[in-house]
Amino acid sequence: TTLAGLLTLAVNFLAGFAGLGKVADQVRAVIARIRAPIDKALDKVVRWIVTLGRRVVVGAKAGVKRLLQWWRKRRAVGRGDERHSLQFDGDERSARLMVHSAPLTPIVFVSQFSTVKGTDVQRAEVAAAQSEIEKLTAGIVAAQSVALPDEAKVSALDAALTVQFNRLGSALDAILSKAAGEGSEDDPLPIDYPKRRVALYPTIYVGPRSAEPIAQRILKGLPASNAKSALLVQEPFKSHPALGTTATFAAWDGQVRRYTPTGGPSQALPDGNKVGLSPQFASIAPGVKLRYEDKGSTGGGGKINQRFFPFGYRALDDGMDGDHVMERQIGGPDDIANLWPLQKSENRSSGATVKSIEVRYQRKPENVHVARTRRGSAIYLLIRSVRG
């Protein structure tokens, strides 16, 4: 093939001088003078290639085991950032089956992932494959110390080794495809959740309908009896007496209603709208499992503020924000059943804090957002403690 390429190049080279007159004639004269020694050199090259080819064929038949080089086998296992190499370390007389990049034997490597569902079965399969492949390896190593085996025997050994080698690699793949257990639903990562228990979220007080803001501290402090009279001497009624003569104020029954986040999603406001957390969002506490999946911005909590707005509730005036109790990053929906007012300083820091929660993933401490990125899919968390 190489000679053919050189001849093609030479033909193209000579063709390039066509029609150049005396210059072409001079070039042809030079080539004619050097052609004979070049032909002799090419003859020598051809004879050398033929001789070498005969030696290669003879060597292949006599020492096929040297060409197989079983100890150089290598197989990639895992996926995404969790990539490793199943291979032998050493040569044919000292080869030891290992998993790289961390140089561990396959059984030691697999033993680190002990909590994935089905891992015990998988580890047993890997152990069986390891035992078989070690026997095959020992047999091949033993064969190196005796007379060279014939081609059929070495081929059979190589084929058997390849089957077991690939079987072990597939078993490791099956385990690593579950992200080595860490961060899976069956093996969530423990975290210290930066938000408080739902029971510690504030109670919201609702009185009469009002176009003007009524501070929560005022509604909270009203007496159970004669609440109407007590409210008329408070802001904004004190500054705007006409507010106490409206039809909506007259229709108020004088009760100050209390709404709690744990009271359930069916707590009815005087206008018929409902507030309150669904049980799955009200249960944020140690022992609860969460699914973290980065959703960017957490979104606003204006929906819950609007539910209380007709009754004089003004979140900012009271130093509060609407808060996603279960943060958006960990699967919480942007829904009334997952929203409740919270002190704004606490709420505005919690979204970023959730992304920076520290976990230990693949034996390395890092924030949960980085761990989720390395894992390549959603990561599960187990609340170990909560704020306060």
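As shown above, the structure is provided for reference.
Every chain's residues receive numbers from 1 upward, in the order its sequence appears when written. Reporting of local features is limited, given that this is a predicted model, to residues whose pLDDT is at least 70; pairs of side-chain atoms are given and counted only at 80 or more, and all residues count toward the totals for whole chains, interfaces and linings. Side-chain descriptors were evaluated using all non-hydrogen atoms of the structure, hydrogens and water having been removed beforehand.

1. Concerning the overall build of the chain
Consideration 1: Elements are defined by DSSP. Helices are runs of H or I of four residues or more, strands are runs of E of two residues or more, and each kind is numbered from the N terminus. Across its full length, the chain carries 13 helices and 14 strands.
Consideration 2: Throughout, exposure labels follow a simple rule: accessible area from a 1.4 Å probe, protein chains only, divided by the maximum for the residue type, with under 20% read as buried, over 50% as exposed, and the rest as partly exposed. The buried share among the 388 residues of the chain stands at 39%.
Consideration 3: In the chain, once contacts between residues fewer than 6 apart in sequence are set aside, the share between residues at least 24 apart is 66%.
Consideration 4: Where accessible areas are quoted, they stem from the Shrake-Rupley method and a 1.4 Å probe; at the residue level, only the protein chains shown are allowed to cover. When the accessible surface of the chain is split by element, carbon and sulfur atoms take 56% of a total near 21,000 Å². The criterion used for residue contact is that any of the two residues' heavy atoms lie within 4.5 Å.

2. What to know about the sheet that holds strand β4 (residues 189-196)
Consideration 1: Pairing between strands requires that DSSP locate at least two bridges from one strand to the other. Across the sheet, 3 strands lie side by side as β4-β14-β9; this open sheet has mixed pairing. Only two strands of the sheet have a single partner each, and these edge strands are β4 and β9 (289-292). Averaged over all neighbouring strand pairs, the angle between strand axes comes to 50°, with direction disregarded.
Consideration 2: Here, axes are lines fitted to C-alpha atoms. For helices the fit covers the stretch in contact, and angles between N-to-C directions go from 0 to 180 degrees. Across the face of the sheet, helix α13 (residues 368-375) comes into contact with β9 and β14 (379-387) while running at roughly 170° to β14.

3. Let's talk about the side chain of Gln216
Consideration 1: By the element assignment, Gln216 lies in helix α7 (residues 216-221).
Consideration 2: Throughout this description, a polar contact denotes any pair of N or O atoms lying within 3.5 Å of each other; where both atoms belong to protein, one of them has to be capable of donating a hydrogen while the other can accept it, and for residues adjacent in sequence the pair is counted only when both atoms sit in side chains. Reaching out from Gln216, the side chain makes a polar contact with the backbone nitrogen of Tyr205 at a distance of 2.8 Å.
Consideration 3: Gln216 has contacts with Thr203, Ile204, Tyr205, Tyr313, Asp318 and Met320, leaving out every residue within four places of it along the chain.

4. Examining α13
Consideration 1: What α13 keeps buried is the set Val368, Ala371, Arg372 and Arg375. Buried residues along α13 cover an arc of 100° about the axis, so they all sit on one side.
Consideration 2: The N-capping residue of α13, defined by a side-chain oxygen 2.9 Å from the backbone nitrogen of His369, is Asn367.
Consideration 3: Gly376 sits one or two residues past α13 and shows a positive phi near 85°. In this context, the arc is that of the directions from the helix axis out to the C-beta atoms.

5. As for the pattern of salt bridges
Consideration 1: By salt bridge we mean one thing: a side-chain nitrogen of Lys or Arg within 4 Å of a carboxyl oxygen of Asp or Glu. Here the structure, examined in full by the defined rule, presents 4 salt bridges.
Consideration 2: Between Arg257 and Asp253 there is a salt bridge, and its shortest N-O distance comes to 2.8 Å.
Consideration 3: Judged by relative accessible area, which is 44%, Asp253 ranks as partly exposed.
Consideration 4: With a closest N to O distance of 3.0 Å, Glu366 and Arg374 form a salt bridge.

6. Details of the nonpolar core
The nonpolar side chains of a soluble globular protein tend to be buried, and buried together.
Consideration 1: Residues grouped as a nonpolar core are buried Ala, Val, Leu, Ile, Met, Phe, Trp, Tyr and Cys residues, joined through side-chain atoms within 4.5 Å. Ranked by size, the top nonpolar core spans 38 residues in total, and within it Phe308, Trp340 and Leu381 carry the most contacts.
Consideration 2: Where this core is concerned, the elements lending two or more residues are β4, β5 (204-206), β9, α11 (302-308), β11 (339-343), β12 (358-361), α13 and β14.
Consideration 3: Tallying contributions element by element places β14 first for this core, with 4 residues.
Consideration 4: Filtering out sequence-adjacent residues up to four positions away, Leu381 remains in contact with Pro188, Leu189, Ile191, Val288, Lys289, Leu290, Tyr292, Ile330, Val359 and Val368.
Consideration 5: Of all hydrophobic cores here, the second largest spans 12 residues; its members include Tyr205, Ile218, Leu222 and Leu243.

7. Here we look at the pairing of strand β10 (residues 320-324)
Consideration 1: Across the 5 residues that make up β10, a large majority, 5, are buried.
Consideration 2: Side chains Met320, Gly322 and His324 of β10 all project onto a buried face; the interleaved residues Asp321 and Asp323 project onto the opposite face, where all are buried too.
Consideration 3: Relative to β11, β10 runs antiparallel, the two being bridged by 5 bridges. Residue Asp321 lies in a different strand from β11, and its bridge partner there is Leu342.

8. Description of the environment of Ser356
Consideration 1: By the secondary structure assignment, Ser356 is in the loop between α12 (344-355) and β12.
Consideration 2: For Ser356, a relative accessible area of 44% corresponds to the partly exposed category.
Consideration 3: Separated by 11 residues in the primary sequence, Ser356 and Asn367 place their C-alpha atoms 4.9 Å from one another.

9. Let's talk about the packing of aromatic side chains
Consideration 1: Any two of the Phe, Tyr and Trp rings considered here, Trp counted by its six-membered ring, make a pair once their centres fall within 6.5 Å; the pair's planes then place it as stacked at under 30 degrees, edge-to-face at over 60, or tilted in between. In total, this model carries 5 aromatic pairs according to the counting rule given.
Consideration 2: Measuring from centroid to centroid gives 5.2 Å for Phe237 and Phe249, while their planes differ by 50°, and the two rings are tilted. Of the two residues, Phe237 is situated in the loop between α8 (227-232) and α9 (247-251) and Phe249 in helix α9; the sequence distance between them amounts to 12 residues.
Consideration 3: With relative accessibility at 4%, the residue Phe249 sits in the buried group.
Consideration 4: A centroid spacing of 5.8 Å and a plane angle of 55° characterise the contact between Phe249 and Trp252, whose relative ring orientation is tilted.

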